[in-house]
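Topology and contacts: notes
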Amino acid sequence: MRGWLRQAAGGLPRQFWFLWAGTLINRVGSFAVLFLSIYLTSERGFSQSQAGLILGLYGVGGAIGTLGGGVLADRWGRRPTMLIAQFGAAALMLALGLARTYPQIAVATLLLGLFAEAVRPAFSAMMIDVVPERDRVRAFSLNYWAINLGFALAAIIAGFAAKVDYLLLFAGDAATTLITAIITAIFLAETRPARSPGRRVEPGGLGTALRDGNYAVYLLLSFISVLVILQHLSTLPISMLADGHTAATYGTVIAVNGVLIVVGQLFVPKLIEGRDSAKVLAVAALLVGSGFGLVAVAETPIMYALTVIIWTLGEMLQSPSNAATVAALSPPALRGRYQGLNSLSWSAGTALAPILGGLVLQGAGDAVLWSGCFVLCALVAVGQLWAGPARARRAMRLRLAQEEERERAAAV
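Note that this is a predicted model, so its numbers are computed, not measured.

**Focus: the packing of helix α5 (residues 78–98) against helix α8 (residues 167–187)**
Between α5 and α8, whose axes approach to 8 Å, the crossing angle comes to 165°. Viewed along their axes, α5 and α8 adopt a mutual orientation that is roughly antiparallel. Classified by chirality, the crossing of α8 by α5 is left-handed. Residues Arg79, Met82, Leu83, Gln86, Phe87, Ala89, Ala90, Met93, Leu94, Leu96, Gly97 and Leu98 of α5 form the contact with α8, whose own contacting residues are Leu167, Phe170, Ala171, Asp173, Ala174, Thr177, Leu178, Thr180, Ala181, Thr184 and Ala185. Of the residues that constitute the contact of α5 with α8, the class distribution is 16 nonpolar, five polar and two charged.

**Some thoughts on a nonpolar patch on the surface**
On the surface, Phe87, Leu178, Ile182, Ile186 and Phe187 cluster together into a nonpolar patch covering about 460 Å² of accessible area. Per-element accounting of the nonpolar patch gives the leading share, four residues, to α8. Note on placement: Phe187 falls in helix α8. Judged by its relative accessible area of 41%, Phe187 falls in the partly exposed class.

**Overview of the confidence of the model for the chain**
Averaged over the chain, the pLDDT score is 85; the fraction of residues at 70 or greater is 92%. Here helix α1 (residues 2–9) stands out as the element of the chain with the lowest mean pLDDT, 60, in contrast to helix α14 (residues 277–293), whose mean of 95 is the highest. A low-confidence stretch, residues 198–203 (pLDDT under 50), is modelled with 15 contacts involving residues beyond four sequence positions or located in other chains.

**Digging into the environment of Gly358**
On the secondary structure map, Gly358 appears in helix α16 (residues 335–363). Given a relative accessible area of 14%, Gly358 falls into the buried group. Between the alpha carbons of Gly358 and Met82 there is a distance of 32 Å; along the sequence they are 276 residues apart. Not counting chain neighbours up to four residues away, the residues in contact with Gly358 comprise Thr235 and Ala353.

About the criteria used
- Every chain is numbered independently, its residues counted from 1 as its sequence is written.
- Where local features are concerned, this predicted model is filtered to residues with pLDDT of at least 70; where side-chain atom pairs are given and counted, the filter is 80 or more; whole-chain, interface and lining totals use all residues.
- Processing note: side-chain calculations cover all non-hydrogen atoms of the structure and skip hydrogens and water entirely.
- Axes, fitted as lines to C-alpha atoms, cover a helix only where it is in contact. Angles between the N-to-C directions of the axes lie from 0 to 180 degrees.
- Secondary structure elements follow DSSP: runs of H or I of four or more residues count as helices, runs of E of two or more count as strands, with numbering from the N terminus.
- Should an angle lie under 35 degrees it is considered roughly parallel, over 145 roughly antiparallel, and from 65 to 115 roughly perpendicular; all remaining angles are considered oblique.
- Less than a right angle of anticlockwise turn of the near helix away from the far helix marks a crossing as left-handed, whereas a clockwise turn marks it as right-handed.
- Whether two residues are in contact is decided by their heavy atoms, any of which lying within 4.5 Å being enough.
- Three classes are used: nonpolar for Ala, Val, Leu, Ile, Met, Phe, Trp, Tyr, Cys and Pro, charged for Asp, Glu, Lys and Arg, and polar for all others, with Gly counted as polar.
- Patches in this entry comprise residues that are over 30% relatively accessible and not in a salt bridge; like charges within 9 Å are linked, as are nonpolar side chains (Val, Leu, Ile, Met, Phe, Trp, Tyr) within 5 Å.
- All accessibility values rest on the Shrake-Rupley procedure with a 1.4 Å probe; residue burial counts only the protein chains present in the view.
- The salt bridge criterion pairs a side-chain nitrogen of Lys or Arg with a carboxyl oxygen of Asp or Glu, the two atoms within 4 Å.
- Three labels apply to residues, based on accessible area from a 1.4 Å probe with only protein chains included: buried if under 20% of the type maximum, exposed if over 50%, partly exposed otherwise in between.
- pLDDT expresses how confident the predictor is about each individual residue, on a scale running from 0 to 100.

Printed below as a string of structure tokens:
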């Protein structure tokens, strides 16, 4: 057991563990977005389409925040970008909980998405800065493990807190975000790579990342996957409520996702070690699609939990492989921008997934929505296998260029 723990978590930099601790604390209190669709429909009395629009606004704000956060992480630095985003998100989370009218909730949600998501590219860039390439899959798996340990606890706690007062969800979320900001302020040092005397100037900025064809194809495939995965925050709870289940039941069922990841995620790096990342991502997409596709026939809590188990297995394979792939394709001086575009796929998915899912659910029904999720993921699997070889060559060229640059800098 001790040897396995050393293999899973040993030898990582001290700063990584502060990042990891901040992730865990923040995720334990990530109540609000998880239960936002239920809060809007059951507590505030909005329709399914109105609730979907509000969740979509969070994604719109997040899209702006991730792009801006990525650029600022490269220009200002990782740490100041994270601090501004975290303190702003804490204040806006509390403001959302106190908002009452539809326009107030809409504005607060839009701004919350902007600040909450702006931290992502800076955080990811800092992790890539401090963790050597050989340890990144392991580090991203550990971070993902912390995210889901917090998620499992948050889902259960939030389900019962909602029975007392929904304001507790927003206040708890704001408090944990504030604690994370304090950890950033006290324990995290700036990690933005300094330009060495022998370093060549990378052309452009965000435009360079956008013109990277291999990366653009990868982001498209990732975005389609996100559209499916994020149905668990929007249409899945609505489907469960339509089947007569309660918010607490949804919280317990979705907690299976976090529990399974907590139990098994640390075994994933060893499982996928040495395997072609494109094949791993293709298998992951098929598992995600199968899990969500089976929601069409789910009725009881046990059946819903089984669907969660299946798509969670895909998510467990996808997350560290995705993070390592993005890191391998990101030039050091543009890591914030590349991470910002990667986060944009999630923010854009957050904006469109509830809107599209809500429209399909309301207009065509469960069967069309969930079978459509399977078809989309099958297409993603084919796309990953097709684009994988070119992506691997691009990553190799970038790695060789970085080695040449380090040798040049050492010779100056």
